[in-house]
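Structural characterization, general
The chain contents come next:
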Amino acid sequence: MRFSEKVWQLCRKVPKGKVTTYKEIAAAMKTKAYRAVGNALNRNPMTLFAKGSIQKRDIVPCHRVVGSDGSLVGFARGLGKKAEMLRKEGIKVKNNKLVNFEEALYTYYGKRKV
DNA sequence: CGCAGTCTAGCAC
DNA sequence: GTGCTAGACTGCG
């Protein structure tokens, strides 16, 4: 479970109006299981995991997590919903893809130089 | 476009 | 308790 918890915390670290990628999260935890990251986000956070450092009030904003391409991959609630939420946060989405992706991209390493 | 790599969670035995 | 399958992904051919 440690894995999932870490994923959620990293997700919560993402400020509003910003997004992150599975790759970044996985890299932040020194892993390469991008799939496992998404998997953890998919199953656990939605069910509210009030345990340990995780606060039930602070659910994981899984909608702020996008693919490495800045595309709205996955999301069981519906990509359209995800896009809408992101747009409300100030992130522009076009055709299930982030317009200002790199602009709104939040990295745990500080910065990412193109 | 299709296959391989990586990790966790769930189900079956 | 151990083993196999499936999955919100990514990278290479």
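Residues numbered from 1 in each chain as written. Chains lettered and ligands numbered in written order. Predicted model: local features only at pLDDT ≥ 70, side-chain atom pairs only at ≥ 80, totals over all residues. Heavy atoms only, no water.

**Focus on the protein's contact with DNA strand B**
This is how it is decided: In these notes, residues near a molecule or strand are those with any non-hydrogen atom within 4 Å of it. Pairs of N or O atoms are called polar contacts if they sit within 3.5 Å, as long as, within protein, a hydrogen donor faces a hydrogen acceptor (for residues adjacent in sequence, only side-chain-to-side-chain pairs). Counting from the N terminus, the helices are the DSSP runs of H or I reaching at least four residues and the strands are the DSSP runs of E reaching at least two.
The full set of residues close to DNA strand B is Met1, Phe3, Ser4, Thr31, Ala33, Arg35, Ala36, Asn39 and Arg43. When atoms of DNA strand B within 4 Å of the protein are split into backbone and base, the sugar-phosphate part holds 67%. A distance of 3.0 Å separates a phosphate oxygen of DNA strand B from a polar side-chain atom of serine 4. In this structure, a base oxygen belonging to DNA strand B sits 2.8 Å away from a side-chain N or O atom of arginine 35. Looking at the surface near DNA strand B, the elements with two or more residues in it are helix H1 (2–13) and helix H3 (34–43). With 4 residues, the single largest contributor to the surface near DNA strand B is H3.

**Looking at the protein's contact with DNA strand C**
Filter applied, for reference: Under the scheme applied, nonpolar residues are Ala, Val, Leu, Ile, Met, Phe, Trp, Tyr, Cys and Pro; charged residues are Asp, Glu, Lys and Arg; polar residues are all the others, including Gly.
What surrounds DNA strand C is a group of 15 residues, the closest being Tyr22, Arg35, Asn39, Asn42 and Ser68. Counting only atoms of DNA strand C within 4 Å of the protein, the fraction found in sugar and phosphate groups is 44%. Separating a base nitrogen of DNA strand C from a side-chain N or O atom of arginine 35 is a distance of 2.3 Å. Sorting the residues of the surface near DNA strand C by element identifies helix H2 (22–28) and H3 as the ones contributing at least two each. Counting residues per element, the surface near DNA strand C draws most heavily on H3, which supplies 7 residues. Considered class by class, the residues forming the surface near DNA strand C number 7 nonpolar, 6 polar and 2 charged.

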